[in-house]
Amino acid sequence: MNRVLLLALGLFCAASELCAQSDPPDVPILSGALAFQGSTTAGATSFQPIIVPVLVAPFGDHWLVESRGEIEGFIARQDGTSGPYSGQFFASLDYLQLDYIANPHLTVTVGRFLTPFNIYNERFPLWVANLEDTPIIYTIGTRPSGSSNGGMVRGDAIARPGWIWNYTAYFSVLTTTENLQSGRSAGGRTGVFLPKAGLEVGVSYQRFLQNGDFNSSGAYLAWQPPQIPLDVRGEYAHSPGGQGYWLEGAYRLASSRSTTNWLSRLQAVARVQQYFKRQPTPEDALPSADVNQFDFGLNYYLPHEIRLNGSYGRQYSSAGNANIWNFEIVYRFLFPAWPGGR
Amino acid sequence: MKGLVITVLGILVFVCSLKVLALPQTSAQGTKAAKAVPEKKIDEAKEGERRFQENCGRCHNPPESISPREVKAVLQHMRVRAMLSAEDERLILKYLAP
(Lines give C-alpha, C1' and ligand atoms only; values in the text may rest on other atoms or scores of the structure.)
Protein backbone atom coordinates (compact mmCIF):
# COMPACT_ATOMS: atom_id res chain seq x y z
CA MET A 1 0.00 0.00 0.00
CA ASN A 2 2.87 2.34 0.91
CA ARG A 3 4.52 1.60 -2.43
CA VAL A 4 1.31 2.46 -4.23
CA LEU A 5 1.10 5.77 -2.38
CA LEU A 6 4.75 6.53 -3.18
CA LEU A 7 4.08 5.75 -6.85
CA ALA A 8 1.04 8.06 -6.81
CA LEU A 9 3.15 10.81 -5.23
CA GLY A 10 5.87 10.27 -7.83
CA LEU A 11 3.36 10.52 -10.66
CA PHE A 12 1.88 13.65 -9.12
CA CYS A 13 5.34 15.23 -8.88
CA ALA A 14 6.16 14.21 -12.45
CA ALA A 15 2.91 15.71 -13.66
CA SER A 16 3.63 18.95 -11.82
CA GLU A 17 7.12 19.10 -13.34
CA LEU A 18 5.74 18.60 -16.83
CA CYS A 19 3.01 21.13 -16.34
CA ALA A 20 5.45 23.67 -14.94
CA GLN A 21 6.90 24.01 -18.44
CA SER A 22 3.83 25.66 -19.94
CA ASP A 23 2.99 29.38 -20.05
CA PRO A 24 1.45 30.44 -17.71
CA PRO A 25 2.95 27.70 -15.59
CA ASP A 26 0.84 24.99 -13.99
CA VAL A 27 2.39 25.40 -10.56
CA PRO A 28 0.47 23.84 -7.68
CA ILE A 29 -0.26 26.18 -4.82
CA LEU A 30 -0.66 25.75 -1.11
CA SER A 31 -3.18 28.15 0.32
CA GLY A 32 -5.54 28.30 3.25
CA ALA A 33 -5.66 29.90 6.66
CA LEU A 34 -4.36 29.80 10.19
CA ALA A 35 -6.83 30.92 12.81
CA PHE A 36 -7.26 31.20 16.51
CA GLN A 37 -10.77 31.48 17.86
CA GLY A 38 -12.03 32.19 21.33
CA SER A 39 -15.64 31.86 22.36
CA THR A 40 -17.71 32.29 25.51
CA THR A 41 -21.22 30.88 25.26
CA ALA A 42 -23.45 31.07 28.34
CA GLY A 43 -20.35 31.46 30.49
CA ALA A 44 -18.46 28.48 29.03
CA THR A 45 -15.20 29.53 27.40
CA SER A 46 -13.41 27.59 24.70
CA PHE A 47 -10.46 28.17 22.40
CA GLN A 48 -9.90 26.74 18.96
CA PRO A 49 -6.61 26.83 17.06
CA ILE A 50 -7.32 25.90 13.45
CA ILE A 51 -5.27 25.28 10.35
CA VAL A 52 -7.01 24.86 7.00
CA PRO A 53 -4.60 23.94 4.19
CA VAL A 54 -5.84 24.12 0.60
CA LEU A 55 -3.88 22.43 -2.17
CA VAL A 56 -4.65 23.25 -5.80
CA ALA A 57 -2.84 21.59 -8.70
CA PRO A 58 -3.80 22.49 -12.28
CA PHE A 59 -2.90 20.13 -15.12
CA GLY A 60 -3.27 22.10 -18.30
CA ASP A 61 -6.32 24.22 -19.00
CA HIS A 62 -8.97 21.62 -18.27
CA TRP A 63 -7.90 19.47 -15.35
CA LEU A 64 -7.60 20.45 -11.73
CA VAL A 65 -7.05 18.63 -8.44
CA GLU A 66 -8.25 20.50 -5.35
CA SER A 67 -8.10 19.54 -1.73
CA ARG A 68 -8.86 21.14 1.62
CA GLY A 69 -8.31 19.68 5.05
CA GLU A 70 -8.91 20.99 8.51
CA ILE A 71 -6.99 20.39 11.71
CA GLU A 72 -8.76 21.87 14.66
CA GLY A 73 -8.19 21.93 18.38
CA PHE A 74 -10.87 22.40 21.00
CA ILE A 75 -9.66 23.60 24.39
CA ALA A 76 -12.22 24.06 27.15
CA ARG A 77 -12.77 23.60 30.85
CA GLN A 78 -13.54 19.99 31.72
CA ASP A 79 -17.01 20.66 33.10
CA GLY A 80 -17.94 23.69 31.05
CA THR A 81 -17.51 26.68 33.35
CA SER A 82 -15.05 25.36 35.94
CA GLY A 83 -12.23 22.89 36.31
CA PRO A 84 -8.93 22.69 34.45
CA TYR A 85 -8.67 23.27 30.73
CA SER A 86 -8.13 20.25 28.52
CA GLY A 87 -7.88 19.94 24.78
CA GLN A 88 -8.73 17.63 21.94
CA PHE A 89 -7.64 17.75 18.33
CA PHE A 90 -9.64 16.75 15.27
CA ALA A 91 -8.74 16.38 11.62
CA SER A 92 -11.04 16.16 8.65
CA LEU A 93 -10.90 16.25 4.87
CA ASP A 94 -13.34 18.80 3.48
CA TYR A 95 -12.71 18.00 -0.16
CA LEU A 96 -10.36 16.11 -2.44
CA GLN A 97 -11.71 16.37 -5.94
CA LEU A 98 -10.71 16.02 -9.55
CA ASP A 99 -12.31 18.59 -11.84
CA TYR A 100 -12.63 18.48 -15.59
CA ILE A 101 -13.45 21.95 -16.89
CA ALA A 102 -15.05 20.98 -20.19
CA ASN A 103 -16.25 24.46 -21.12
CA PRO A 104 -17.84 27.50 -19.38
CA HIS A 105 -21.12 25.61 -19.22
CA LEU A 106 -19.87 22.37 -17.72
CA THR A 107 -17.39 21.27 -15.10
CA VAL A 108 -17.43 17.63 -14.03
CA THR A 109 -16.18 16.78 -10.55
CA VAL A 110 -15.51 13.42 -8.95
CA GLY A 111 -14.24 12.64 -5.47
CA ARG A 112 -15.08 14.33 -2.20
CA PHE A 113 -16.55 17.81 -2.52
CA LEU A 114 -18.45 20.37 -0.48
CA THR A 115 -22.18 19.69 -0.63
CA PRO A 116 -23.70 22.43 -2.80
CA PHE A 117 -26.76 23.32 -0.77
CA ASN A 118 -27.45 27.07 -0.63
CA ILE A 119 -24.26 29.16 -0.48
CA TYR A 120 -22.78 29.19 3.02
CA ASN A 121 -21.11 25.79 2.87
CA GLU A 122 -19.28 26.37 -0.39
CA ARG A 123 -18.57 30.08 -0.41
CA PHE A 124 -17.79 31.05 3.15
CA PRO A 125 -14.74 29.32 4.60
CA LEU A 126 -13.53 30.85 7.85
CA TRP A 127 -11.34 33.43 6.10
CA VAL A 128 -14.33 34.71 4.13
CA ALA A 129 -17.19 34.38 6.64
CA ASN A 130 -17.95 37.66 8.35
CA LEU A 131 -18.88 36.04 11.67
CA GLU A 132 -17.16 33.18 13.46
CA ASP A 133 -20.24 31.04 14.16
CA THR A 134 -21.94 29.12 11.38
CA PRO A 135 -25.66 29.82 10.93
CA ILE A 136 -28.08 27.68 12.94
CA ILE A 137 -29.59 26.16 9.80
CA TYR A 138 -26.19 25.26 8.35
CA THR A 139 -26.68 21.49 8.70
CA ILE A 140 -29.94 21.46 6.74
CA GLY A 141 -29.02 20.05 3.34
CA THR A 142 -25.36 19.51 4.27
CA ARG A 143 -25.55 16.71 6.84
CA PRO A 144 -23.73 14.73 8.06
CA SER A 145 -20.37 16.41 7.42
CA GLY A 146 -20.83 19.24 4.90
CA SER A 147 -19.12 17.10 2.27
CA SER A 148 -20.30 14.55 -0.27
CA ASN A 149 -18.50 11.63 -1.88
CA GLY A 150 -19.55 11.05 -5.46
CA GLY A 151 -19.94 13.13 -8.61
CA MET A 152 -21.06 16.62 -9.46
CA VAL A 153 -21.70 18.74 -12.54
CA ARG A 154 -21.85 22.53 -12.48
CA GLY A 155 -21.47 25.57 -14.64
CA ASP A 156 -23.24 28.51 -16.22
CA ALA A 157 -26.24 27.18 -18.13
CA ILE A 158 -26.70 30.54 -19.85
CA ALA A 159 -24.40 33.55 -19.61
CA ARG A 160 -25.47 36.93 -21.01
CA PRO A 161 -23.93 40.34 -20.29
CA GLY A 162 -26.88 41.24 -18.08
CA TRP A 163 -27.55 37.95 -16.35
CA ILE A 164 -26.04 34.53 -15.69
CA TRP A 165 -27.96 31.39 -14.86
CA ASN A 166 -25.81 28.89 -12.95
CA TYR A 167 -26.53 25.36 -11.85
CA THR A 168 -25.05 22.52 -9.77
CA ALA A 169 -26.25 18.92 -9.53
CA TYR A 170 -24.69 16.04 -7.60
CA PHE A 171 -25.07 12.62 -6.10
CA SER A 172 -23.31 11.20 -3.09
CA VAL A 173 -22.83 7.75 -1.61
CA LEU A 174 -22.97 6.75 2.04
CA THR A 175 -19.52 6.73 3.64
CA THR A 176 -18.99 5.98 7.30
CA THR A 177 -15.17 6.07 7.36
CA GLU A 178 -13.95 8.37 10.10
CA ASN A 179 -13.20 11.92 8.87
CA LEU A 180 -14.64 11.09 5.44
CA GLN A 181 -18.32 10.78 6.31
CA SER A 182 -20.98 11.51 3.75
CA GLY A 183 -24.64 10.72 3.32
CA ARG A 184 -26.41 8.96 0.48
CA SER A 185 -28.11 11.83 -1.22
CA ALA A 186 -28.74 13.68 -4.45
CA GLY A 187 -29.58 17.28 -5.07
CA GLY A 188 -28.77 20.50 -6.76
CA ARG A 189 -28.81 24.25 -6.72
CA THR A 190 -29.62 26.84 -9.32
CA GLY A 191 -29.37 30.60 -9.26
CA VAL A 192 -29.46 33.75 -11.33
CA PHE A 193 -26.78 36.41 -10.98
CA LEU A 194 -27.35 39.97 -12.20
CA PRO A 195 -23.81 41.46 -12.44
CA LYS A 196 -24.84 45.11 -12.85
CA ALA A 197 -27.01 45.00 -9.74
CA GLY A 198 -24.60 42.70 -7.86
CA LEU A 199 -27.57 40.50 -7.02
CA GLU A 200 -27.80 36.72 -6.95
CA VAL A 201 -30.82 34.69 -5.93
CA GLY A 202 -31.26 30.95 -6.08
CA VAL A 203 -32.82 27.80 -4.73
CA SER A 204 -31.50 24.44 -3.49
CA TYR A 205 -32.92 20.97 -3.14
CA GLN A 206 -31.64 17.76 -1.59
CA ARG A 207 -33.13 14.28 -1.39
CA PHE A 208 -31.54 12.43 1.52
CA LEU A 209 -31.68 8.74 0.56
CA GLN A 210 -31.19 7.09 3.92
CA ASN A 211 -32.82 7.12 7.36
CA GLY A 212 -36.26 7.09 5.76
CA ASP A 213 -35.69 9.33 2.73
CA PHE A 214 -36.65 12.97 3.14
CA ASN A 215 -36.32 16.27 1.33
CA SER A 216 -34.56 19.49 2.24
CA SER A 217 -35.05 22.68 0.30
CA GLY A 218 -33.66 26.15 0.51
CA ALA A 219 -33.28 29.57 -1.03
CA TYR A 220 -30.52 32.13 -0.88
CA LEU A 221 -29.76 35.75 -1.61
CA ALA A 222 -26.49 37.63 -2.05
CA TRP A 223 -26.43 41.33 -2.87
CA GLN A 224 -23.43 43.64 -3.21
CA PRO A 225 -24.56 46.98 -4.65
CA PRO A 226 -21.64 48.07 -6.86
CA GLN A 227 -21.36 51.66 -5.57
CA ILE A 228 -21.70 50.95 -1.85
CA PRO A 229 -19.38 48.75 0.25
CA LEU A 230 -22.32 46.78 1.58
CA ASP A 231 -22.68 42.99 1.52
CA VAL A 232 -26.06 41.44 2.16
CA ARG A 233 -26.38 37.67 2.37
CA GLY A 234 -29.10 35.37 3.53
CA GLU A 235 -30.46 31.86 3.37
CA TYR A 236 -33.68 30.06 4.11
CA ALA A 237 -33.74 26.29 4.60
CA HIS A 238 -36.47 23.78 5.32
CA SER A 239 -36.32 20.12 6.35
CA PRO A 240 -38.54 17.72 8.30
CA GLY A 241 -36.34 18.47 11.33
CA GLY A 242 -36.90 22.21 11.26
CA GLN A 243 -36.76 25.36 9.23
CA GLY A 244 -35.24 28.78 9.56
CA TYR A 245 -33.38 31.65 7.98
CA TRP A 246 -30.48 33.98 8.53
CA LEU A 247 -29.92 37.42 7.07
CA GLU A 248 -26.61 39.25 7.37
CA GLY A 249 -25.44 42.72 6.43
CA ALA A 250 -21.81 43.84 6.45
CA TYR A 251 -20.72 47.42 5.78
CA ARG A 252 -17.19 48.63 5.20
CA LEU A 253 -16.62 52.11 6.63
CA ALA A 254 -15.60 53.58 3.30
CA SER A 255 -17.19 55.90 0.79
CA SER A 256 -16.88 53.30 -1.95
CA ARG A 257 -15.55 49.82 -2.63
CA SER A 258 -12.31 51.22 -4.06
CA THR A 259 -11.49 53.45 -1.08
CA THR A 260 -8.41 52.32 0.87
CA ASN A 261 -7.50 53.94 4.18
CA TRP A 262 -7.32 52.75 7.78
CA LEU A 263 -11.02 53.35 8.36
CA SER A 264 -12.01 51.48 5.23
CA ARG A 265 -10.40 48.38 6.74
CA LEU A 266 -13.12 48.31 9.38
CA GLN A 267 -16.31 46.40 8.70
CA ALA A 268 -19.45 46.32 10.83
CA VAL A 269 -21.56 43.17 10.65
CA ALA A 270 -25.04 42.31 11.88
CA ARG A 271 -26.93 39.05 11.52
CA VAL A 272 -30.39 37.95 12.53
CA GLN A 273 -31.51 34.31 12.66
CA GLN A 274 -34.70 32.48 13.44
CA TYR A 275 -35.11 28.74 13.71
CA PHE A 276 -38.32 26.77 14.18
CA LYS A 277 -38.08 23.19 15.38
CA ARG A 278 -40.20 20.45 13.80
CA GLN A 279 -39.77 16.66 14.04
CA PRO A 280 -36.24 15.57 15.04
CA THR A 281 -34.38 13.67 12.30
CA PRO A 282 -31.18 11.60 12.63
CA GLU A 283 -27.88 13.48 12.58
CA ASP A 284 -29.50 16.83 11.87
CA ALA A 285 -27.42 18.60 14.57
CA LEU A 286 -30.16 21.18 14.88
CA PRO A 287 -31.28 22.87 18.13
CA SER A 288 -33.85 21.01 20.23
CA ALA A 289 -36.09 24.09 20.50
CA ASP A 290 -37.03 27.23 18.60
CA VAL A 291 -34.24 29.82 18.56
CA ASN A 292 -34.07 33.53 17.87
CA GLN A 293 -30.59 35.04 17.68
CA PHE A 294 -28.90 38.25 16.67
CA ASP A 295 -25.19 38.96 16.36
CA PHE A 296 -23.17 42.14 16.00
CA GLY A 297 -19.54 42.06 14.99
CA LEU A 298 -16.59 44.13 13.88
CA ASN A 299 -13.94 42.97 11.43
CA TYR A 300 -10.63 44.74 10.93
CA TYR A 301 -8.60 43.82 7.87
CA LEU A 302 -4.92 44.29 8.76
CA PRO A 303 -2.18 44.30 6.13
CA HIS A 304 -0.57 41.01 5.15
CA GLU A 305 -3.87 39.14 4.89
CA ILE A 306 -4.60 39.19 8.62
CA ARG A 307 -8.11 39.79 9.90
CA LEU A 308 -9.39 40.41 13.40
CA ASN A 309 -12.98 39.71 14.28
CA GLY A 310 -14.97 40.25 17.45
CA SER A 311 -18.69 39.73 17.91
CA TYR A 312 -21.46 39.63 20.45
CA GLY A 313 -24.63 37.62 20.06
CA ARG A 314 -27.75 37.06 22.11
CA GLN A 315 -29.68 33.84 21.76
CA TYR A 316 -33.28 33.45 22.88
CA SER A 317 -34.60 29.92 23.22
CA SER A 318 -36.99 27.95 25.41
CA ALA A 319 -33.98 25.74 26.18
CA GLY A 320 -32.29 28.80 27.76
CA ASN A 321 -31.13 32.25 26.75
CA ALA A 322 -27.43 32.87 26.27
CA ASN A 323 -24.85 35.53 25.53
CA ILE A 324 -22.28 34.58 22.90
CA TRP A 325 -18.93 36.38 22.74
CA ASN A 326 -16.50 35.51 19.97
CA PHE A 327 -13.00 36.61 19.05
CA GLU A 328 -10.98 35.47 16.08
CA ILE A 329 -7.71 36.19 14.33
CA VAL A 330 -7.22 34.75 10.86
CA TYR A 331 -4.14 34.73 8.68
CA ARG A 332 -4.63 33.86 5.04
CA PHE A 333 -1.61 32.37 3.28
CA LEU A 334 -0.78 31.52 -0.31
CA PHE A 335 2.44 30.31 -1.86
CA PRO A 336 3.61 27.97 -4.61
CA ALA A 337 3.83 24.33 -3.59
CA TRP A 338 6.71 23.71 -5.93
CA PRO A 339 10.34 25.00 -5.84
CA GLY A 340 11.27 27.95 -8.02
CA GLY A 341 10.51 31.07 -6.00
CA ARG A 342 7.36 33.12 -6.15
CA MET B 1 -9.85 0.19 -2.09
CA LYS B 2 -7.32 -1.25 -4.59
CA GLY B 3 -9.71 -0.48 -7.42
CA LEU B 4 -9.98 3.12 -6.25
CA VAL B 5 -6.19 3.50 -6.06
CA ILE B 6 -5.75 2.03 -9.55
CA THR B 7 -8.42 4.36 -10.89
CA VAL B 8 -6.73 7.41 -9.34
CA LEU B 9 -3.37 6.35 -10.74
CA GLY B 10 -4.91 5.82 -14.16
CA ILE B 11 -6.39 9.31 -14.07
CA LEU B 12 -3.01 10.82 -13.12
CA VAL B 13 -1.24 9.03 -15.95
CA PHE B 14 -3.97 10.17 -18.35
CA VAL B 15 -3.63 13.76 -17.18
CA CYS B 16 0.15 13.64 -17.65
CA SER B 17 -0.17 12.31 -21.18
CA LEU B 18 -2.71 14.99 -22.07
CA LYS B 19 -0.39 17.69 -20.78
CA VAL B 20 2.57 16.43 -22.82
CA LEU B 21 0.44 16.52 -25.97
CA ALA B 22 -0.85 20.00 -25.14
CA LEU B 23 2.51 21.73 -24.52
CA PRO B 24 3.30 22.92 -28.09
CA GLN B 25 -0.17 24.43 -28.51
CA THR B 26 0.15 26.32 -25.23
CA SER B 27 3.45 27.80 -26.30
CA ALA B 28 1.94 29.00 -29.58
CA GLN B 29 -0.84 30.76 -27.68
CA GLY B 30 1.75 32.45 -25.50
CA THR B 31 3.56 33.81 -28.57
CA LYS B 32 0.34 35.30 -29.90
CA ALA B 33 -0.37 36.99 -26.59
CA ALA B 34 3.11 38.52 -26.54
CA LYS B 35 2.38 40.35 -29.81
CA ALA B 36 -0.67 42.16 -28.37
CA VAL B 37 -0.45 45.97 -28.41
CA PRO B 38 0.12 47.69 -25.03
CA GLU B 39 -3.16 49.68 -25.20
CA LYS B 40 -5.11 46.51 -25.50
CA LYS B 41 -3.27 45.09 -22.51
CA ILE B 42 -4.25 48.13 -20.43
CA ASP B 43 -7.87 47.83 -21.49
CA GLU B 44 -7.87 44.15 -20.71
CA ALA B 45 -6.36 44.77 -17.27
CA LYS B 46 -9.10 47.33 -16.55
CA GLU B 47 -11.76 44.94 -17.76
CA GLY B 48 -10.11 42.23 -15.67
CA GLU B 49 -10.33 44.46 -12.59
CA ARG B 50 -14.00 45.08 -13.29
CA ARG B 51 -14.67 41.39 -13.63
CA PHE B 52 -12.72 40.67 -10.46
CA GLN B 53 -14.91 43.11 -8.52
CA GLU B 54 -18.04 41.72 -10.14
CA ASN B 55 -17.26 38.06 -9.45
CA CYS B 56 -14.47 37.51 -6.92
CA GLY B 57 -15.08 40.76 -5.01
CA ARG B 58 -18.47 39.45 -3.95
CA CYS B 59 -16.73 37.30 -1.34
CA HIS B 60 -13.21 38.64 -0.79
CA ASN B 61 -10.74 41.43 -1.50
CA PRO B 62 -8.02 41.20 -4.14
CA PRO B 63 -4.91 39.46 -2.80
CA GLU B 64 -2.24 41.88 -1.57
CA SER B 65 0.33 40.15 -3.71
CA ILE B 66 0.18 37.25 -6.08
CA SER B 67 2.97 36.01 -8.29
CA PRO B 68 2.61 34.91 -11.92
CA ARG B 69 3.53 31.39 -10.78
CA GLU B 70 0.55 31.26 -8.45
CA VAL B 71 -2.08 33.00 -10.44
CA LYS B 72 -3.10 30.24 -12.83
CA ALA B 73 -3.85 27.72 -10.07
CA VAL B 74 -5.77 30.37 -8.13
CA LEU B 75 -7.87 31.30 -11.15
CA GLN B 76 -8.65 27.72 -12.11
CA HIS B 77 -9.62 27.04 -8.51
CA MET B 78 -11.98 30.00 -8.60
CA ARG B 79 -13.22 29.09 -12.05
CA VAL B 80 -14.66 25.93 -10.52
CA ARG B 81 -15.74 27.50 -7.21
CA ALA B 82 -17.18 30.74 -8.54
CA MET B 83 -18.13 29.45 -11.99
CA LEU B 84 -15.98 31.99 -13.81
CA SER B 85 -16.06 31.80 -17.59
CA ALA B 86 -12.91 31.22 -19.63
CA GLU B 87 -13.06 34.90 -20.68
CA ASP B 88 -13.36 36.00 -17.03
CA GLU B 89 -10.34 33.87 -16.19
CA ARG B 90 -8.28 35.31 -19.06
CA LEU B 91 -9.08 38.94 -18.22
CA ILE B 92 -8.66 38.57 -14.46
CA LEU B 93 -5.29 36.96 -15.19
CA LYS B 94 -4.35 40.18 -17.05
CA TYR B 95 -5.40 42.21 -14.01
CA LEU B 96 -3.66 40.11 -11.35
CA ALA B 97 -0.51 39.26 -13.30
CA PRO B 98 -0.19 41.75 -16.18
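As the structure is a prediction and not an experimental result, all values here were calculated from the model.

1. Focus on the overall build of chain A
Within chain A, the regular secondary structure consists of two helices and 16 strands. In terms of overall dimensions, chain A has a C-alpha envelope of 60 × 55 × 50 Å along the principal axes. Put simply, of all contacts in chain A between residues at least 6 apart along the chain, 53% involve residues at least 24 apart.

2. Concerning the overall build of chain B
Assigned secondary structure in chain B consists of four helices and zero strands. Reading chain B from its N terminus to its C terminus gives the helix and strand order α-α-α-α. Contacts spanning at least 24 positions in sequence make up 75% of the contacts within chain B whose residues lie at least 6 apart.

3. Let's talk about the nonpolar core
Looking at soluble globular proteins, one finds that nonpolar side chains tend to be buried together. One finds Ile-29, Val-56 and Leu-64 of chain A together with Ala-73 and Val-74 of chain B to be the most contacted residues of the largest nonpolar core, which totals 31 residues. Listed by contribution, the elements that provide at least two residues to this core are strand 1 (29–41), strand 2 (44–59), strand 3 (63–77), strand 4 (85–103) and strand 16 (322–336) of chain A together with helix 3 (68–81) and helix 4 (86–96) of chain B. A total of six residues in this core trace back to one element, the largest contributor, which is helix 3 of chain B. Setting aside residues no more than four positions away along its own chain, Ala-73 of chain B makes contact with Val-27, Pro-28, Ile-29, Val-56, Ala-57 and Pro-58 of chain A.

4. Remarks on the pairing of strand 14 (residues 291–302) of chain A
Residues and elements named next belong to chain A. One ladder, built from 10 bridges, connects strand 13 (residues 266–277) with strand 14; its direction is antiparallel. Across the sheet, the residue bridging to Gln-274 is Asn-292, located in strand 14. Note: strand 14 against strand 15 (residues 306–317), 12 bridges, orientation antiparallel. Note on strand 15: the bridge partner recorded for Asn-292 is Tyr-316. In sequence, strand 14 turns back onto strand 15 through a hairpin of three residues, with His-304 there showing a positive phi of about 65 degrees.

5. Here's the deal with the environment of Val-108 of chain A
Residue and element names in this part refer to chain A. The residue Val-108 is located in strand 5 (residues 106–114) in this model. Among the residues examined, Val-108 registers 14 C-beta atoms within 10 Å and is labelled partly exposed. Linking Val-108 and Leu-230, residues 122 residues apart in sequence, is a C-alpha distance of 33 Å.

6. With respect to the confidence of the model for chain B
Residues and elements named next belong to chain B. On average, residues of chain B score 68 in pLDDT, and 57% of them reach the 70 mark or higher. Within the model, the stretch residues 12–37 combines pLDDT values under 50 with 27 contacts to residues more than four positions away or in other chains. Two numbers describe this predicted complex: its pTM, 0.82, and its ipTM, 0.79.

7. Section: the environment of Pro-225 of chain A
All names here are of chain A. Inspection of the secondary structure puts Pro-225 in the loop between strand 10 (214–223) and strand 11 (230–239). Among the residues examined, Pro-225 registers 13 C-beta atoms within 10 Å and is labelled partly exposed. Taking C-alpha positions, Pro-225 is 6.0 Å from Ala-197, a pair spaced 28 residues apart along the chain. Dropping the residues within four chain positions of it, Pro-225 is found in contact with Gly-198 and Leu-230.

Analysis parameters
- Residues numbered from 1 in each chain as written.
- Chains lettered and ligands numbered in written order.
- Predicted model: local features only at pLDDT ≥ 70, side-chain atom pairs only at ≥ 80, totals over all residues.
- Helix = DSSP H or I, 4+ residues; strand = E, 2+ residues; numbered from the N terminus.
- Contact = placed C-beta atoms within 7 Å.
- Core = buried A, V, L, I, M, F, W, Y, C linked by C-beta atoms within 7 Å.
- Buried ≥ 20, exposed ≤ 12 C-beta atoms within 10 Å, placed from the backbone.
- Pairing = 2+ DSSP bridges.
- pLDDT = per-residue confidence, 0-100.

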